[in-house]
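Residues per chain are reported as follows:
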Amino acid sequence: MSTPANYTRVPLCEPEDIPIEVKRENEIGKLTSKKYLHKVKTLHGVPLNKPTIDTPPYYISLLTYLNYLILIILGHIHDFLGVTFQKNKHLDILEHDGLAPWYSNFESFYIRRLKMRIDDCFSRPTTGVPGRFIRCIDRISHNLNEYFTYPGTTSMCLNLSSYNYLGFAQSEGQCTDAALESIDQYGIPSGGPRTQIGTTDLQVRAEKLMAKYIGKEDSMIFSMGYSTNANFFNAFMDSKCLVISDELNHTSIRTGVRLSGAAVRTFKHGDMEGLEKLIREQIVLGQPKTNRPWKKIIICVEGLYSMEGTLCNLPKLVELKKKYKCYLYVDEAHSIGAMGPTGRGVCELFDIDPNEIDILMGTFTKSFGAAGGYIACDKWIIDRLRLDINTASYGEPSPAPVLAQIISSLETIIGKRNPGEGEERLQRIAFNSRYLRLGLQRLGFIVYGTADSPVIPMLLYCPSKMPAFSRMMLQRKIAVVIVAYPATPLIESRVRFCMSASLTKEDIDYLLRHVNEVGEKLNLKLSSGKQSPDGKCQRWDIEDVIEKTPEDCKDDKYFIL
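Sequence order as written defines residue numbering, which begins from 1 separately in each chain. Note on the predicted model: pLDDT of at least 70 is required for a residue's local features to be given, and 80 or more for side-chain atom pairs to be given and counted; whole-chain, interface and lining totals, by contrast, use all residues. Hydrogens and water are ignored here; the side-chain numbers use all heavy atoms of the structure.

- In the annotation of an unreviewed UniProt entry, the entry for the protein reads serine C-palmitoyltransferase, and the organism field reads Naumovozyma dairenensis.
- Among the UniProt annotations of the protein, the heading Sequence similarities (unreviewed entry) holds the following wording: "Belongs to the class-II pyridoxal-phosphate-dependent aminotransferase family."
- UniProt positions are given in the numbering used here, feature names are shortened, and annotations may be inferred rather than shown by experiment. Its UniProt record gives the protein the following Cofactor (unreviewed entry) comment, quoted word for word: "pyridoxal 5'-phosphate".

This is the structure:
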């Protein structure tokens, strides 16, 4: 497929030869029209309508199961023949020389016989800044992805695979300048060695700024986002406490709950009636064996779910938290900085006072282009965490350049630096997210999530279509992420488009053209029309989709958030 006439690709150069102007254009595209901005409005405490979940035809579900069945049967036959006639090639699952096998044949079956066949689609190595474009390192697969060789070349691809929501991951600009200045002040100067040890004034400043931005009394910054969740529950909960968790919560939350020793009960994703019933049951039953009241009950959810693109029902959660005197923990890793009129996440989106939520957690790896995570809550909780949370006691502190990146990106969002730039980026990602989601739905694809979510999952279903879609998009110089079991249900494999403010409307047009072409070839247009306002499957032509922006469709009942 040829490049559209109205799409101008940035010249591809080697990194050392890229002029500053071209480098900036690679990292964040210029806004071509004020029409391609959208200002998000708050919902004033009104929860979103339950999203309409579209389903594929029955034959697609049947074919998906049949695909897995065939792969499993062939894999077991391959294992049997290999262990019988080629033992030297299967030493990792056989006992030899008196040593036990490296892996259990059964437990490693999925990895060896299913996942390994599409490993070239996962963990693709990249280099440089993951901005508007991303430079993928070329590699050649051998023996069904058993190993790779690298010819030493790279490919510049349109980036739909990074969590760089606001485009702050740049090699040029105010954030980079601030990070470099921090190295001069806190790093190792030429006059002699000097290292950053413990908490610096830069971290104190970042924590105060983050707490003020969110609207909480205090906050605490950690050097790793995963460990923020993984260690919080260990400090806040014990075996006499109960965690009530959404079934789709991130693995870092699950890890933290296990480490704490607290009891855990799960409820169906977004099911508020089921959640209330579960809370009532647990209050009545109390602790196992003793039946004593729970020391603490904490409801744990995510603000924006990264695999589904859906929001939590925050107004109802706050209502249940008050009614049953529970704690409420909201993980805003994907929503902070990316959602709401000023990027303050789901609290601002629903117009709910952040003080109604006991603990707000988030990460800096997405919207802020940095690293690490934070906990924001009442000061008495932060004071307790500073005493005994493992992350602060045994982990490394956040490096000065990372803290400087956090501060500079935050100050840009709130307008303290480069006034107007933060607001424009927020409006760009809102427009881009709405435009791509609506465009995919109009073309006939099944898409999950809410309108303003920067995570846009498009369903693929059959396992054979995952590598096919990923490889065909890479041939077209577009980098995407495919997600499969166990991160998703077995038959709901998907491609997850990660939207960014660094993309232009023309970039998304280019993406839609190619997704439309690949979707036709792979039979991915399976929408029944349930998500359309009239309930009918009326697929649009690609030219009509590109011509009509979301702002031209304000009467679309689905599209209004």
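**Quick notes on the overall build of the protein**
Here's step 1: Looking only at helices and strands, the protein has 17 helices and 16 strands in total.
Here's step 2: Radius of gyration here uses only the C-alpha atoms, and the compact-globule reference equals 2.2 Å multiplied by the residue count raised to the power 0.38. Taking 561 residues into account, the globule formula puts the C-alpha radius of gyration at 24 Å, and the protein, at 25 Å, falls close to it.
Here's step 3: The principal-axis extents of the C-alpha atoms in the protein amount to approximately 65 × 60 × 60 Å.
Here's step 4: Per-residue accessibility, obtained with a 1.4 Å probe over protein chains only, is compared with the maximum for each type, and a residue is labelled buried under 20%, exposed over 50%, and partly exposed between these values. The buried share of the protein, reckoned over its 561 residues, is 53%.
Here's step 5: Of the contacts formed within the protein by residues at least 6 apart in sequence, a portion of 72% connects residues at least 24 apart.
Here's step 6: As displayed, the protein has an accessible area near 26,000 Å², and 55% of this comes from carbon and sulfur atoms.
Here's step 7: Computed over 68 positive and 65 negative side-chain charges, the separation of the two mean positions in the protein equals 4 Å. Here a helix means four or more residues in a row that DSSP labels H or I, a strand means two or more in a row labelled E, and each is numbered from the N terminus. Any two residues having at least one pair of non-hydrogen atoms within 4.5 Å are treated as being in contact. Working definition of accessibility: Shrake-Rupley area with a 1.4 Å probe, residue cover restricted to the visible protein chains. The convention is simple: Lys and Arg are positive, Asp and Glu are negative, and His and the chain ends are not counted. By convention, the point assigned to a charge is CZ for Arg, NZ for Lys, CD for Glu and CG for Asp.

**Focus on the domain arrangement of the protein**
Here's step 1: The assigned domain composition of the protein is domain 1 (29-56 + 126-159 + 421-558), domain 2 (58-121) and domain 3 (192-414).
Here's step 2: Note that domain bounds follow an automatic or database assignment of domains. For domain 2 versus domain 3, the separation of C-alpha centres amounts to 39 Å.

**Considering the packing of aromatic side chains**
Here's step 1: Only Phe, Tyr and Trp rings take part, Trp by its six-membered ring, and two of them pair if their centres are within 6.5 Å. Stacked means planes under 30 degrees apart, edge-to-face means over 60, and tilted covers everything else. Counted according to the given criterion, the structure contains 11 aromatic pairs.
Here's step 2: Consider the rings of Phe232 and Tyr329, whose centres lie 5.1 Å apart with planes at 35 degrees: the pair is tilted. You can see Phe232 sitting in helix 6 (residues 225-236) and its partner Tyr329 sitting in strand 10 (residues 327-331), a full 97 residues away along the chain.
Here's step 3: Geometrically, the ring pair formed by Phe364 and Tyr374 is tilted, given 5.5 Å between the ring centres and 45 degrees between the ring planes. Of the two residues, Phe364 is situated in the loop between strand 11 (359-363) and strand 12 (373-377) and Tyr374 in strand 12; the sequence distance between them amounts to 10 residues.
Here's step 4: Residue Tyr374 is classed as buried on the basis of its relative accessible area, which comes to 0%.
Here's step 5: What links up through ring pairs into an aromatic cluster is the set Phe232, Phe233, Phe236, Tyr327 and Tyr329.
Here's step 6: In this structure, Arg139 is placed above the aromatic ring of Phe148, and the distance from its NZ or CZ to the ring centre is 4.2 Å.
Here's step 7: Lysine NZ or arginine CZ positioned within 6 Å of the ring centre and within 35 degrees of the ring normal marks a charge as sitting over the ring. Across the ring face of Trp540, the terminal group of Arg442 is positioned such that the distance to the ring centre comes to 4.0 Å.

**Focus on the sheet that holds strand 15 (residues 481-483)**
Hydrogen bonds along the backbone pair up the strands of a sheet, which may run parallel or antiparallel.
Here's step 1: Taking strand neighbours across the sheet as the criterion, the 3 strands line up as 13-16-15 in an open arrangement whose pairing is antiparallel. Every interior strand has two partners, whereas the edge strands, strand 13 (455-461) and strand 15, have only one. Within the sheet, the average angular offset between the axes of one strand and its neighbour, ignoring direction, is 30 degrees.
Here's step 2: Pairing of strand 15 with strand 16 (residues 493-498), which is carried by 3 bridges, proceeds in the antiparallel orientation. Paired with Val483 across the two strands is Arg494, which belongs to strand 16.
Here's step 3: Fitting a line to C-alpha atoms yields each axis, with helices limited to the stretch in contact; the angle taken between N-to-C directions then spans 0 to 180 degrees. On top of the sheet, helix 14 (residues 421-443) reaches strand 13 and strand 16; it is set at about 20 degrees to strand 13, its chief contact. A pair of strands is labelled paired if DSSP reports no fewer than 2 bridges between them.

**Section: the nonpolar core**
Here's step 1: Residues Leu314, Leu440, Met458, Phe469 and Phe497 are the most contacted members of the largest nonpolar core, which totals 109 residues.
Here's step 2: Not counting the four nearest positions on each side in its chain, Phe469 is found in contact with Met458, Leu460, Val480, Val495, Phe497, Val515, Val518, Leu522 and Leu524.
Here's step 3: Here, nonpolar core means buried Ala, Val, Leu, Ile, Met, Phe, Trp, Tyr and Cys residues that are tied together by side-chain atoms lying within 4.5 Å of each other. Grouped together as the second largest cluster of nonpolar side chains are 23 residues, Phe222, Cys241, Cys377 and Ile382 included.

**Here we look at the UniProt feature "transmembrane region" (unreviewed entry) in the protein**
Here's step 1: Mapped onto the present numbering, the UniProt feature "transmembrane region" (unreviewed entry) falls on residues 58-77.
Here's step 2: Between the C-alpha atoms that bound residues 58-77 the distance is 29 Å, and the span itself is 100% helix and 0% strand.

**Description of the environment of Leu438**
Here's step 1: Tracing the backbone shows Leu438 in helix 14.
Here's step 2: Sequence-wise, Leu438 and Val545 are 107 residues apart; in three dimensions their C-alpha atoms are separated by 8.6 Å.

**Brief notes about helix 16 (residues 505-522)**
Here's step 1: Multiplying one less than the number of residues by 1.5 Å gives the expected span of a helix. The end-to-end C-alpha distance of helix 16, which contains 18 residues, comes to 25 Å, matching closely the 26 Å that a straight helix rising 1.5 Å per residue would cover.
Here's step 2: Burial within helix 16 is extensive, with 16 of its 18 residues counted as buried.
Here's step 3: Looking at the residues trailing helix 16, positive phi occurs at Asn523, about 55 degrees.

**What about the pattern of salt bridges?**
Here's step 1: Any Lys or Arg side-chain nitrogen located within 4 Å of an Asp or Glu carboxyl oxygen qualifies as a salt bridge. Evaluation of the coordinates by the stated rule reveals 28 salt bridges.
Here's step 2: A salt bridge links Arg132 to Asp507; the nearest nitrogen and oxygen atoms lie 2.7 Å apart. With Arg132 in the loop between strand 1 (126-127) and strand 2 (133-137) and Asp507 in helix 16, this residue pair connects regions lying 375 residues apart in the sequence.
Here's step 3: According to the relative accessible area criterion, Asp507 is buried, its value standing at 0%.
Here's step 4: Connected through shared salt-bridge partners, Arg205, Glu411, Lys416 and Arg417 make up one network.

**Remarks on the environment of Leu114**
Here's step 1: Here Leu114 lies in the loop between helix 3 (109-113) and strand 1.
Here's step 2: Sequence-wise, Leu114 and Ile72 are 42 residues apart; in three dimensions their C-alpha atoms are separated by 8.0 Å.
Here's step 3: With residues up to four places along the chain from it excluded, the contact list for Leu114 reads Leu71 and Phe109.

**A few points about the pairing of strand 9 (residues 297-302)**
Here's step 1: When you tally the buried positions in strand 9, you get 6 out of 6 residues, the bulk of the element.
Here's step 2: Burial along strand 9 is two-sided: Ile297, Ile299 and Val301 and Ile298, Cys300 and Glu302, pointing in opposite directions, are all buried.
Here's step 3: Here strand 7 (residues 242-246) runs beside strand 9; their pairing, made up of 4 bridges, is parallel. Each bridged residue has a counterpart across the sheet, and for Ser245 the counterpart in strand 9 is Cys300.
Here's step 4: When strand 9 meets strand 10, the two strands line up parallel, connected through 5 bridges. Bridging from a neighbouring strand, Val301 pairs with Val330 of strand 10.

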